[in-house]
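Each chain is listed here by its residues.
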Amino acid sequence: MTNIKTRHHHGDLKRALIEAGLELLEEGGLEALTLRKCAARAGVSHAAPAHHFDGLPGLISAISEAGFDIFSKHMSDEIEVGNQSDIGRLRSICRGYLQFGMTHSGLLKVMFGEHGLAIHAPRNNREEAEAYLLLRRACAPFVPPGEDPHIVEAQVWSLIHGFTLLYLSGEFGTPLPEIEDGPFAAVMALVERVGTQGKT
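Residues numbered from 1 in each chain as written. Predicted model: local features only at pLDDT ≥ 70, side-chain atom pairs only at ≥ 80, totals over all residues. Heavy atoms only, no water.

## Side note on the overall build of the protein
Then step 1. Looking only at helices and strands, the protein features 9 helices and 0 strands.
Then step 2. Start at the N end of the protein and walk to the C end: the helices and strands fall as α-α-α-α-α-α-α-α-α.
Then step 3. Expressed as a percentage of its 200 residues, the buried residues of the protein come to 42%.
Then step 4. Accessible surface for the protein amounts to roughly 10200 Å². Of this, 54% is attributable to carbon and sulfur atoms. (Helix = DSSP H or I, 4+ residues; strand = E, 2+ residues; numbered from the N terminus. Buried < 20%, exposed > 50% of the residue type's maximum accessible area, 1.4 Å probe, protein only. Areas by Shrake-Rupley, 256 points an atom, 1.4 Å probe, with all protein chains shown as cover.)

## Thoughts on the packing of aromatic side chains
Then step 1. According to the stated counting rule, one finds 6 aromatic pairs in the structure shown.
Then step 2. When the centroid spacing of 6.3 Å and the interplanar angle of 70° are considered together, the rings of F68 and F71 count as edge-to-face. In this pair, F68 and F71 both sit in helix α4 (residues 55-81), 3 residues apart, roughly one turn of the helix.
Then step 3. A relative accessible area of 15% means that F68 is categorised as buried.
Then step 4. With a relative accessible area of 3%, F71 lands in the buried category.
Then step 5. Their ring planes at 50° and their centres at 4.9 Å tell us that F71 and F100 sit as a pair that is tilted. With F71 in helix α4 and F100 in helix α5 (residues 86-103), the pair connects residues that are 29 residues apart, well separated along the chain. (Phe/Tyr/Trp six-rings, centres within 6.5 Å; stacked < 30°, edge-to-face > 60°.)

## What about the nonpolar core?
Then step 1. Grouped together as the largest cluster of nonpolar side chains are 54 residues, with contacts concentrated most on F71, V156 and I160.
Then step 2. Only α2 (13-28), α3 (35-42), α4, α5, α6 (105-111), α7 (130-139), α8 (149-168) and α9 (182-199) provide two or more residues apiece to this core.
Then step 3. Ranked by the residues each element gives to this core, the list is headed by α4, at 10 residues.
Then step 4. Excluding residues within four positions of it along the chain, I160 makes contact with C94, Y97, L98, F184 and M188. (Core = buried A, V, L, I, M, F, W, Y, C linked by side-chain atoms within 4.5 Å. Contact = heavy atoms within 4.5 Å.)

## A few points about the environment of H51
Then step 1. Here H51 is to be found in the loop between α3 and α4.
Then step 2. H51 sits 38 residues away from L13 along the chain, and the two C-alpha atoms are 9.8 Å apart.

## Observations regarding the packing of α2 against α3
Then step 1. Between α2 and α3, whose axes approach to 8 Å, the crossing angle comes to 110°. On the basis of the axis angle, α2 is roughly perpendicular to α3. Between α2 and α3 lies a crossing whose hand is right-handed. Residue-level contacts link A16, L17, A20, G21, E23, L24 and E27 of α2 to K37, C38, A39, R41 and A42 of α3.
Then step 2. Partitioning the contact of α2 with α3 into residue classes produces 7 nonpolar, 1 polar and 4 charged. (Axes fitted to C-alpha atoms, helices over the stretch in contact; angles between N-to-C directions. Parallel < 35°, antiparallel > 145°, perpendicular 65-115°, else oblique. Left-handed = near helix turned anticlockwise from the far one by under 90°. Nonpolar A, V, L, I, M, F, W, Y, C, P; charged D, E, K, R; others polar.)

## Section: α5
Then step 1. In this model, α5 (18 residues) spans 26 Å end to end at C-alpha, consistent with the 26 Å of a helix rising 1.5 Å per residue.
Then step 2. Within α5, burial applies to G88, L90, S92, I93, C94, R95, G96, Y97, L98, F100 and G101. (Expected span 1.5 Å × (residues − 1).)

## Regarding the pattern of salt bridges
Then step 1. Applying the stated criterion across every chain yields a total of 8 salt bridges.
Then step 2. K73 is the partner of D77 in a salt bridge, and the nearest nitrogen-oxygen pair spans 2.8 Å. Of this pair, D77 and K73 both sit in helix α4, 4 residues apart, which is roughly one turn of that helix.
Then step 3. When its relative accessible area of 31% is taken as the criterion, D77 is described as partly exposed.
Then step 4. The partner of R136 in a salt bridge is E153, and the shortest N-O contact between them spans 2.8 Å. A residue pair is termed long-range when its members are at least 10 positions apart, and R136 in helix α7 and E153 in helix α8 qualify at 17 residues.
Then step 5. What emerges from the salt-bridge pattern is a single network uniting E23, E27 and R41. (Salt bridge = Lys/Arg side-chain N within 4 Å of Asp/Glu carboxyl O.)

And the structure:
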């Protein structure tokens, strides 16, 4: 998300405003996001966003969609290059989740919660969100026949989301020497235990 003004000069004003909004969210959360600030960051008139978005809610909706696309891509990229066993894909989801948090810590902190970005996304039903569908597909092999898949999904999501937030707060030391070592490996062992229990 760099060189926003150059992107605008190439005619991609809408994308430049979205990228400016993502940067503002990373830096200061939803409170930092205004039409005027986005316009200033993109190097355009404060009236420019009105030509592309239906006020601030429309801009936030577009920014939310872009943020979740970035989030999903981190997980799907890890799935693509990771071990293709059932457990391997589950680990890849978690690795991508943590990598997203490490790269976009400010964005992660405003994505979930009562006033988080999720409620502004165009498809804010988590059952339809690509990020959640990636989690669901990775967890599916570990759901016992006849059981509610949400149980396994909630266990895995809770483990990796909680670990990521604690990692970002410095609870495990900063930085960890390797993402696969130490506390992360212990959390992955718990994830694998969830999977093993589901298959028995």
